[in-house]
Amino acid sequence: MINIYVPCDSTALSVGADDVVLELILQADRRGEDINIIRNGSWGMAYLECLLEVEVDGVRIAYGPALPEDVTSLFDAGFLGGGDHELCQGVTQEIPYLKNQERLTFVRCGLASPLDIDAYIGNSGYRGLQNSLKMPPQAIVDEVSNSGLRGRGGAAFPTGIKWNTALGAAVAQKYICCNADEGDSGTFADRILMECDPFTLIEGMSIAGLAVGADQGYIYLRSEYPLCKIMLEKAFKIARDRGYLGQNICGTDFSFDIEIRMGAGSYVCGEETAMLNSLEGRRGVVRAKPPLPAIEGLFGLPTVVNNVLSLASVPIIMDKGGDYYKDFGIGRSKGTIPFQIAGNIKRGGLVEKAFGVTLPELIYDFGGGTMTEKPLKAVQVGGPLGSYIRSDGLDLPMDYEKFTEAGAVLGHGGIVVFDETADMSAQAEFAFDFCAVESCGKCTPCRIGAVRGEEVIAKIRAGENVEENWHLALDLCDLMEAGSLCAMGGMTPFPVKSAMEFFPEDFTDDPKILASEPKGFSDKNMPCAPKETM
Amino acid sequence: MAHQKWDKETAKSLIQKYSSLQGGLLECMHGLQHHFGCVAPESMDLMASAFNLSRAEVHGVFSFYHDFRSSPAGHKIIQICRAEACQAMGSRGLTAHVQDLLGLKLGETSENGNFTLESVYCLGNCALPPNVSVDGKLYARVSPEKFNKIMTEGA
C-alpha cells in the first residue's frame, strides 16, 4: 500500500484538494493500485497547493500545484514510485522554501493528520505540558519570560509579564482567552495552525492555565474560519478522551477545559478588550485600560489574553527551554515568527523564520517577486493598519524595534505585496473607509475621523482644493493617532500618511504638493508605534 | 441553504438553551440564524426576557455585528474578499464584474431571492488572492472567467 498525503486545510480545499482526492481514488481503483490517502495539514506552501506527497521508501516526494486534471498524467508518469513529472518538486523536506525556514511553532505542521494525536505525541507533542506539570506555576511563568516571547498578534507585549500579572492576582477563578480573531488582511498563520496542528494550541493554552491558575479557556474564533471550529472541536474531544483536556489532566490534580466562542464579522473584536466584551455576549466595544485584562478581564476576572501563535509557541519553549527559544532572533525580538507572504506574489505562503530576516529575502528569495511580474510598488506589513513601505525602503530587518524606528509596523508578520498598477490614493481612501465601517464607535476621533478622512481623501482624488485638503487630511491623521482609544483609530493614519508621503503623485498632480517637503509619515510626528499597555 | 420557517416555540426553546451559557447572547444569535436563516425581529423580545436584558441592549448587540441579518439571505450567498491582499490581485475589478453579472450591488439580495452578494474583509487565504466564498465554500485565485465557471457549474 502506498501512502499519499493530500492536505485538508482551507487553502488546499480552495484549489480543489477534495476533487484531487476523488480523482486519485477513482484512478487508483481503475489501475488496480493500492493507495492510502492521508489528509495531512498543510506545509504552508500555498503556491504549491494542492501539494500531493507520495511516500516512497519512507521519503515523501512532493508534486504540486496539482489540479484534478493532472492526476492522470501523474499516474502515467509513475508518481507512485516517485517518477518524474513537471509538477515534481522533489523530496518535500528539500524544497528550498521549506528547507530554509526555522520552524519552531510550526514544526509539526504538514507532517501528519491534524487530528492524529499519536503522531502529535510522537513528534514531541505534549512534552512541554509534561515538563510544566512538574513545575511550580512561577517557574513556568519565569521560563516563558526568559524565552523573550512577545505577543504575536501584533502588539508584541511580553507574554511573560501578562502571565505574571495574572498569576499574582489572588482570585479563585481566572481565564485564558485565545484571540483567534485573525481579521487582518495578509494573515493566515493562526488559521493554518488551528486547522493543521490544533493540539499545539490546546497544549499551549493548557500550559497557560497551569501557569496562572486558570481552569477555563476560551477561544474567540472569527466566523470566517468555520473549518478551524470543526478541527478544534474534534481535537478537544480527542484530547479529553486521552486525558489531555478536562478533569485531572495526565492524572494530576490540574483540570482545564476550553470552549470556542464565535465572533460575528466585526474586525475591531480583534482588539483584546473589544474581544472580551464580545465574549461576554455584548457589543464589541473597546474598553478603556486600566484596568488591565490580566487583573480585570473576562466577566471582571483576571484573564490572560494571548494570540493563537503566542500560545502555540509555548509548548516548544516548555519542551526545549526559554534559552533555546531566545537563541533565535535579534535584539529584543526573540525567537521566530511565521511570516505570511501574500498579495501580488509568485510564491505566497507561510515562512517561519527567526527575527532578523529582511523583507527582500522574504519577498524575493522565498516569494519570487510579484505574481504579475510587474515591478513592485509597495508593501504593507502588519495588516491594514500597517504603513505602506516603498520598494526602495524594503531593506529592513524583521525586528519590532527596527520597524518602529522606520515608522513602520511589523505586527503579526503579514506581508502584502502590490505591483506598480496599485493606486495608493485608492488604498488610502480604503483605509479610512475600512475604519469607518469597522470602528466600534466608542471614541470620537475614530468614529467621526474615519468618515471625514474618507471624504477628504475623496476630495483630494477629485482635485478639489487639493492643498487645503491635503493639510486637513494630515491634521486629521495626527488627531486620530493622538486621540483614539485603541489601535483601530490610532493606526489607521499609518497606511494613509505613508501612502501620501511616498506616493503623492497617485493623489494629485498639484505641483505645490509634489514639491513640498513631505510632512507626513516619516517626520518627527510619526513614530507613534502601537500603544500597548497590556 | 435550507432554513426552517419562523416558529415561536422553537425559537423560545433555542433561546432557553443558550441563556444558560455564560455570556451566550452572541452564540444565541448565531444559533437562531443557523436555524431560521436570520435573527428575526420577533426574537428580540424573547432574547431580552431570557437574558434579562432590555430590548435596546439586545438590538444593540444584533446591530453591532455584520454577520447577523434580520431577514433571510438569498439561496446562494456570494462573498467577495475586498481586503488588501485581494485588492493587490484585482478584487476591485472582480467585484465590478460580479456586480454586473448578477445585477446586484454589494449588500443586496436579488428580487427572486436567488443571490445575496456581500463583501468580506479577509477570508484568510491571502497567499492565493483574490478569494471568493460561495455558501461558505472558498475559491482561490478567482478571475472573472473563473467566477463565471463557478456560477455555471453550480458551486
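How each quantity is defined
Residues numbered from 1 in each chain as written. Chains lettered and ligands numbered in written order. Predicted model: local features only at pLDDT ≥ 70, side-chain atom pairs only at ≥ 80, totals over all residues. Helix = DSSP H or I, 4+ residues; strand = E, 2+ residues; numbered from the N terminus. Buried ≥ 20, exposed ≤ 12 C-beta atoms within 10 Å, placed from the backbone. Rg over C-alpha atoms; globule rule 2.2 N^0.38 Å. Core = buried A, V, L, I, M, F, W, Y, C linked by C-beta atoms within 7 Å. Contact = placed C-beta atoms within 7 Å. Pairing = 2+ DSSP bridges. Axes fitted to C-alpha atoms, helices over the stretch in contact; angles between N-to-C directions. pLDDT = per-residue confidence, 0-100. Domains from an automatic or database assignment. Arc of directions from axis to C-beta.

Undergrad: How should the overall build of chain B be read in this particular structure?
TA: Within chain B one finds 7 helices and 4 strands. Starting at the N terminus, the α and β elements of chain B follow one another as α-α-α-α-β-α-α-β-β-β-α. With respect to the principal axes defined by its C-alpha atoms, chain B has extents near 50 × 30 × 20 Å. Per-residue burial for chain B yields a buried fraction of 40% across its 155 residues.

Undergrad: Can you walk me through the overall build of chain A in this structure?
TA: Secondary structure summary: chain A contains 22 helices and 16 strands in total. In terms of overall dimensions, chain A is globule-like: its C-alpha atoms have a radius of gyration of 24 Å, near the 24 Å expected for 534 residues. In terms of overall dimensions, chain A has C-alpha extents of about 75 × 60 × 40 Å along its principal axes. Looking at chain A as a whole, 58% of its 534 residues are labelled buried.

Undergrad: What should I look at first to understand the nonpolar core in this one?
TA: The nonpolar side chains of a soluble globular protein tend to be buried, and buried together. Residues and elements named next belong to chain A. Counting residues in hydrophobic clusters, the biggest one holds 215 residues, and the most contacted among them are Cys177, Cys178, Leu193, Ala208, Ile341 and Ile415. Element by element, the count of residues in this core is highest for helix H10 (residues 198–212), at 9 residues. Those residues within four positions of Cys177 in sequence are excluded, and the remaining contacts are Tyr218, Tyr220, Leu276, Leu279, Leu298, Thr303, Val304 and Val305.

Undergrad: When you look at the sheet that holds strand S4 (residues 137–139) of chain B in this model, what are you seeing that I'm missing?
TA: Sheet strands pair by backbone hydrogen bonding; their relative direction is either parallel or antiparallel. Residue and element names in this part refer to chain B. Spatially, 4 strands are ordered S2-S1-S3-S4 in an open sheet, and the strand pairing comes out mixed. A strand with exactly one partner marks an edge of an open sheet, and here the two such strands are strand S2 (115–120) and S4. Adjacent strand axes in the sheet meet at a mean angle of 20°, parallel and antiparallel pairs treated alike. As judged from the 3 bridges shared by strand S3 (residues 132–134) and S4, these two strands associate in the antiparallel manner. The partner of Ser133 across the bridge, within S4, is Leu138. The sheet strands contacting helix H6 (residues 91–102) are strand S1 (76–81) and S2, and the helix crosses S1 at an angle near 155°.

Undergrad: When you look at the sheet that holds strand S4 (residues 59–63) of chain A in this model, what are you seeing that I'm missing?
TA: Residue and element names in this part refer to chain A. Taken together, the 5 strands give an open sheet; going across it, the order is S2-S1-S3-S4-S5, and neighbouring strands pair in mixed fashion. The open sheet is flanked by strand S2 (35–38) and strand S5 (88–91), the only strands paired with a single partner. Strand-to-strand, the axes of this sheet are offset by a mean angle of 25°, without reference to chain direction. The pairing of strand S1 (residues 2–5) with strand S3 (residues 52–56) spans 2 bridges and is classified as antiparallel. When the bridges of S3 are listed, Ile4 appears paired with Val54.

Undergrad: Is there a simple way to explain the confidence of the model for chain B in this structure?
TA: In the predicted model, chain B carries a mean pLDDT of 95, and 98% of its residues have values of at least 70. Reported confidences for the modelled complex are a pTM of 0.96 and an ipTM of 0.97.

Undergrad: What exactly am I supposed to notice about helix H21 (residues 493–502) of chain A here?
TA: Note that an α-helix has 3.6 residues per turn; residues three or four places apart therefore point the same way. Residue and element names in this part refer to chain A. With respect to burial, H21 is a largely interior element, 10 of its 10 residues being buried. Among all positions of H21, only Pro493, Phe494, Pro495, Val496, Lys497, Ser498, Ala499, Met500, Glu501 and Phe502 are buried. Its buried side turned inward, H21 meets strand S14 (376–381), strand S15 (388–390), helix H17 (424–438), helix H18 (444–461), helix H19 (466–483) and helix H20 (487–491).

Undergrad: Looking at this structure, how should I read the pairing of S1(A)?
TA: Walk down a regular strand and you will see the side chains alternate between the two sheet faces. Pairing analysis gives 4 bridges linking S1(A) to S2(A), with the strands arranged parallel. Across the sheet, the residue bridging to Ile4(A) is Ile37(A), located in S2(A).

Undergrad: Explanation requested: the domain arrangement of chain A in the structure shown.
TA: As a measure of interface size, the accessible area lost when the parts come together is often cited. Each domain of chain A was delimited in the assignment, giving domain 1 (2–99), domain 2 (117–326), domain 3 (329–419) and domain 4 (424–515). For domain 1 of chain A and domain 4 of chain A, the distance between their C-alpha centres works out to 47 Å.

Undergrad: Could you clarify how one ought to interpret the interface of chain B and chain A in this entry?
TA: Of the residues lining the interface, 34 residues belong to chain B; the matching set on chain A comes to 48 residues. At the level of secondary structure, the elements contributing two or more residues to the side of chain B that touches chain A comprise helix H2 (25–36), helix H4 (55–64), helix H5 (84–87) and S4 of chain B. Ranked by residue count, the leading element in the side of chain B that touches chain A is H2(B), at 4 residues.

Undergrad: Where do I start with the domain arrangement of chain B in this structure?
TA: Domain assignment breaks chain B into domain 1 (8–64) and domain 2 (76–152). Put simply, the middle of domain 1 of chain B and the middle of domain 2 of chain B, counted by C-alpha atoms, are 30 Å apart.

Undergrad: Is there a simple way to explain unusual backbone geometry in this structure?
TA: The general pattern is negative phi for most residues beyond glycine and trans for most peptide bonds. Here the bond from Glu49(A) into Cys50(A) is cis, since omega is 5°, no more than 30 degrees from zero. Relative to the helices and strands, Cys50(A) is located in the loop between S2 and S3. Here Asn465(A), not a glycine, exhibits a phi torsion of approximately 35°, which is positive. One non-glycine residue with positive phi stands out, namely Asn52(B), at about 55°.

Undergrad: Help me out: how do you make sense of helix H3 (residues 43–51) of chain B in this one?
TA: Residue and element names in this part refer to chain B. Every buried residue of H3 is accounted for by Ser43, Leu46, Met47 and Ala50. In an axial view of H3, the angular spread of the buried residues amounts to 95°, which keeps them on one side of the axis. Just past H3, the residue Asn52 takes up positive phi, approximately 55°.

Undergrad: Just checking my understanding: could you explain the environment of Ile457(A) for this structure?
TA: Residue and element names in this part refer to chain A. Relative to the elements of secondary structure, Ile457 occurs in helix H18. Placed 134 residues apart in sequence, Ile457 and Asp323 show a C-alpha to C-alpha distance of 49 Å. For Ile457, the residues in contact, after removing those within four places along its chain, are Ser425, Ala428, Glu429, Phe432 and Ala473.

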